[in-house]
Amino acid sequence: MDVVEGLDVEREIGRVGEILSEYEKKRGVLITTLHRIQEEHGYLPPEVLQNLSRKLGLPLAEIYSVASFYHQFHFTPRGRKIVRVCMGTACHVRGAPKVLERLQEHFKIDVGETTPDLTMTLETVGCVGCCGLAPVVTINEEVVGELTPKKVDDVIEAIERSNGDGKA
Ligand code: FES
C-alpha cells in the first residue's frame, strides 16, 4: 500500500474514481432531463431548474452552464408558433428582409423575441433547403414558400387564427 504522509493514496484515488463516475452519471442524467423539461414546458423554467439542482445534488450554476452550452435550450417562454424566416442567399435576394420586416412590424417583436401572449416566437435561420420556393418561412415544422406580400398576410392571419386551436 502506498501511503504518503499518512494518506492512503490508493484509497483516495479509488474514491476520486467513484466521485467522478457519480458525477458523470449525474451529467448524463442532466442533459436527458433538461430535454424532457423543455419538451414539457417549451423552455427551462427557473423554478424547475432549482428543483432539479436539489434532486441531482448539482449546483444550479452548473446546470445553467451546461444548458447554455447547448443552443437548443431556452430560458424564457417560447411562442406556440416558432416562425423562422429563412435568410439564406436565395431567400435573401428574393425578399426575405421584407418578409421579416412585415412580421416584426405586425407582431411588434424583434428577432429572437416572443409575443407577450405567447402566440409566436420570431427567429431567422440559414438555408432550410427549399431554395426553389424562396422566400421561405417555417412555422413549427411546416414550410411555407413562394411568399408574396399577400401570402405573408395570409401567414400572419393563420398564426393569429391558430391562437388557441394549436393549428396553423
Ligand atoms: S436560402 Fe432559403 S431555403 Fe435556401
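Preceding this section is the structure that the text describes.
Definitions and limits used
- Residues numbered from 1 in each chain as written.
- Predicted model: local features only at pLDDT ≥ 70, side-chain atom pairs only at ≥ 80, totals over all residues.
- Heavy atoms only, no water.
- Salt bridge = Lys/Arg side-chain N within 4 Å of Asp/Glu carboxyl O.
- Helix = DSSP H or I, 4+ residues; strand = E, 2+ residues; numbered from the N terminus.
- Buried < 20%, exposed > 50% of the residue type's maximum accessible area, 1.4 Å probe, protein only.
- Pairing = 2+ DSSP bridges.
- Axes fitted to C-alpha atoms, helices over the stretch in contact; angles between N-to-C directions.
- Contact = heavy atoms within 4.5 Å.
- 1 Å grid on protein atoms, 1.4 Å probe; cavity = no way out; pocket = protein on both sides within 12 Å on 5 of 7 lines; lining within 4 Å.
- Points joined across faces, edges and corners; volume = space filled by probe spheres on them.
- Nonpolar A, V, L, I, M, F, W, Y, C, P; charged D, E, K, R; others polar.
- Parallel < 35°, antiparallel > 145°, perpendicular 65-115°, else oblique.
- Left-handed = near helix turned anticlockwise from the far one by under 90°.

### Focus on the pattern of salt bridges
Inference 1: The full count for this structure, using the stated rule, is six salt bridges.
Inference 2: Its salt-bridge partner being arginine 27, residue glutamate 62 comes within 3.5 Å of it at the nearest N-O pair. Of this pair, glutamate 62 sits in helix α3 (residues 60-69) while arginine 27 sits in helix α1 (residues 9-41), and the two are 35 residues apart along the sequence.
Inference 3: Assessed through its relative accessible area of 17%, glutamate 62 is described here as buried.

### Here's the deal with the sheet that holds strand β3 (residues 81-86)
Inference 1: Strand order in the open sheet formed by four strands is β4-β3-β5-β6, and the pairing between neighbours is mixed. The sheet terminates laterally at β4 (120-125) and β6 (142-144), the two strands that pair on one side only. The sheet shows a mean angle of 25 degrees between the axes of neighbouring strands, direction not considered.
Inference 2: In this structure, β3 lies alongside strand β5 (residues 137-139), joined through three bridges in antiparallel fashion. Its bridge partner being in β5, valine 85 is matched across the sheet by valine 137.
Inference 3: Against the sheet, helix α5 (residues 96-107) engages β3, β4 and β5, with an angle of about 150 degrees to β3.
Inference 4: Where helix α6 (residues 149-162) meets the sheet, it contacts β3, β4, β5 and β6, and its direction lies at approximately 165 degrees from that of β3.

### Here's the deal with the layout of surface pockets
Inference 1: A volume near 190 Å³ is recorded for the largest pocket.
Inference 2: Every residue lining the largest pocket is counted, 13 residues in all, and those nearest its centre are Lys98, Val99, Arg102, Pro149 and Val152.
Inference 3: Considering every element that reaches the lining of the largest pocket, the biggest residue donor is α5, with five residues.
Inference 4: Looking at side-chain class alone, the lining of the largest pocket contains five nonpolar, two polar and six charged residues.

### Let's talk about the packing of helix α2 (residues 46-56) against α3
Inference 1: Running from amino to carboxyl end, α2 crosses α3 at an angle of 120 degrees, the nearest separation of the two axes being 9 Å. One element, α2, and the other, α3, form an angle in the oblique class. For the pair α2 and α3, the crossing hand works out as right-handed. Taken together, the residues of α3 that come into contact with α2 (itself represented by Pro46, Leu49, Gln50, Leu52 and Ser53) are Leu60, Ile63 and Tyr64.
Inference 2: Of the residues assigned to the contact of α2 with α3, the class counts are six nonpolar, two polar and no charged.

Remember, this is a structural readout, not a statement about activity or role.
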